[in-house]
Amino acid sequence: MLVNMSSAIKAAAACEAQPDLRARRRAARRSENRTEILDAAERVFGEHGVRDGSLREIALRAGFSTAAIYLFFENKQHLLSETLTRRGAELVTTLQTVAEGDLAPLDTLHRIVDVTGAFFEARPDFRGLIRHITGGAAIVGPALAEYAGEVDGYFSKAMALLAGIVGDGQEVGEIRDGGAYAIAHLYSVLVNEHVLLTNGDESKLTPEQFHGLIDGALRNPSKSPSSTRHSSETAD
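Reading the values: the criteria
Residues numbered from 1 in each chain as written. Predicted model: local features only at pLDDT ≥ 70, side-chain atom pairs only at ≥ 80, totals over all residues. Heavy atoms only, no water. Helix = DSSP H or I, 4+ residues; strand = E, 2+ residues; numbered from the N terminus. Buried < 20%, exposed > 50% of the residue type's maximum accessible area, 1.4 Å probe, protein only. Contact = heavy atoms within 4.5 Å. Areas by Shrake-Rupley, 256 points an atom, 1.4 Å probe, with all protein chains shown as cover. Expected span 1.5 Å × (residues − 1). Arc of directions from axis to C-beta. Axes fitted to C-alpha atoms, helices over the stretch in contact; angles between N-to-C directions. Parallel < 35°, antiparallel > 145°, perpendicular 65-115°, else oblique. Left-handed = near helix turned anticlockwise from the far one by under 90°. Nonpolar A, V, L, I, M, F, W, Y, C, P; charged D, E, K, R; others polar. Salt bridge = Lys/Arg side-chain N within 4 Å of Asp/Glu carboxyl O. pLDDT = per-residue confidence, 0-100. Patch = residues over 30% accessible without salt bridge, like charges linked within 9 Å, V, L, I, M, F, W, Y side chains within 5 Å. Core = buried A, V, L, I, M, F, W, Y, C linked by side-chain atoms within 4.5 Å.

(A) Looking closely at the overall build of the protein. Looking only at helices and strands, the protein has 11 helices and zero strands in total. Each helix (α) and strand (β) of the protein, taken in turn from the N terminus, gives the series α-α-α-α-α-α-α-α-α-α-α. Within the span of the protein, comprising 236 residues, buried residues form 39% of the whole. The long-range fraction of contacts in the protein, counting pairs at least 24 apart against all pairs at least 6 apart in sequence, stands at 63%. Here the protein has roughly 12900 Å² of accessible surface; of this, 54% comes from carbon and sulfur atoms.

(B) Spatial organisation of helix α10 (residues 207–218). Over its 12 residues, α10 extends 16 Å from the first C-alpha to the last, a length consistent with the 16 Å expected when each residue adds 1.5 Å. Among all positions of α10, only F210, H211, I214, D215 and L218 are buried. Taken around the axis of α10, the buried residues stretch over an arc of 135 degrees, which confines them to a single face.

(C) Region of interest: the packing of helix α4 (residues 76–99) against helix α5 (residues 105–121). The interhelical angle for the contact between α4 and α5, taken along N-to-C directions, is 150 degrees, at an axis separation of 10 Å. When the axis of α4 is compared with that of α5, the two are roughly antiparallel. For the pair α4 and α5, the sense of crossing is right-handed. Along its contact with α4, which presents R87, E90, L91, T94, L95, V98 and A99, the element α5 presents T108, R111, I112, V115, T116, F119 and F120. Classifying every residue of the contact of α4 with α5 gives eight nonpolar, three polar and three charged.

(D) The arrangement of the pattern of salt bridges in detail. According to the stated counting rule, one finds 11 salt bridges in the structure shown. Taking the shortest distance from any N to any O, the salt bridge between D39 and R86 comes out at 2.9 Å. Placement of the pair is D39 in helix α1 (residues 2–52) and R86 in helix α4, with a sequence separation of 47 residues. Here R123 ties to E90 by a salt bridge, and the two come within 3.4 Å at their closest N and O atoms. Of this pair, R123 sits in the loop between α5 and α6 (124–134) while E90 sits in helix α4, placing them 33 residues apart in sequence. Judged by its relative accessible area of 22%, R123 is partly exposed. Residue E90 is classed as partly exposed on the basis of its relative accessible area, which comes to 28%. Via salt bridges that share partners, D39, E42, R86, R87, E90 and R123 belong to a single interconnected network.

(E) Spotlight on the confidence of the model for the protein. Per-residue confidence for the protein gives a mean pLDDT of 83, with 76% of residues at or over 70. A low-confidence stretch, residues 227–232 (pLDDT under 50), is modelled with 12 contacts involving residues beyond four sequence positions or located in other chains.

(F) Here's a closer look at a nonpolar patch on the surface. There is a patch of nonpolar side chains on the surface, built from L190, L205 and L213 and spanning about 210 Å² of accessible area. Looking at the element boundaries, L213 is found in helix α10. Overall, L213 belongs to the partly exposed group, its relative accessible area being 40%.

(G) Examining the nonpolar core more closely. Core analysis: the largest hydrophobic core is formed by 48 residues, its most contacted members being I58, L79, L109 and Y187. Going through the elements one at a time, α1, α2 (55–62), α4, α5, α6, α8 (149–171), α9 (180–195) and α10 are the ones with two or more residues in this core. Excluding its chain neighbours within four sequence positions, the residues that come into contact with L109 are L162, I165, V166, I175, Y187 and L218.

Written out as structure tokens, the structure is:
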């Protein structure tokens, strides 16, 4: 009798667990499908731009029907917004990780140049998408806000993070005087212009040249650099 009751309890528990397991599997598949659509959207928008990148092409690349996309996104604008927001969140997280390191403020800003460049190098389609959207605009955040309001929020977080690093550098006399936010803004414009160019672009500076430009622009004139800084040094 006791054996039978124990078996019955186990069977009931197993039955209750089955729907929960199926629900988790469905959720995992839905998340995977959504990611596949976002990846395809990033490729299509990066190659063709927002206007010419079609939902039909995105669906084809993702392996879905066009109608299936509407199960995950309201429309093309929503899909674009989520595509931008996903990468914006990733980039801000990357910058926060660098900022929390133990490098000196100016070295931290040099390191951010390197990791931002690596971020876009690893995501060439996203870089293409940003270039299509901004159309050469130097102030990236507000330009993207037209397409995804949350991206402008990430831009504001990044700017506050950079301004804090600049302020720390000014406190120790490493970074030149001036409004921390203004200096951070000018720094971000330079970095954006640099990383959005492809390596084959003749107008792009080498990493060593760009780090020299950043160092000259930010370093307190009364402080001479202790050594020539290269991209590889700040990456170590």
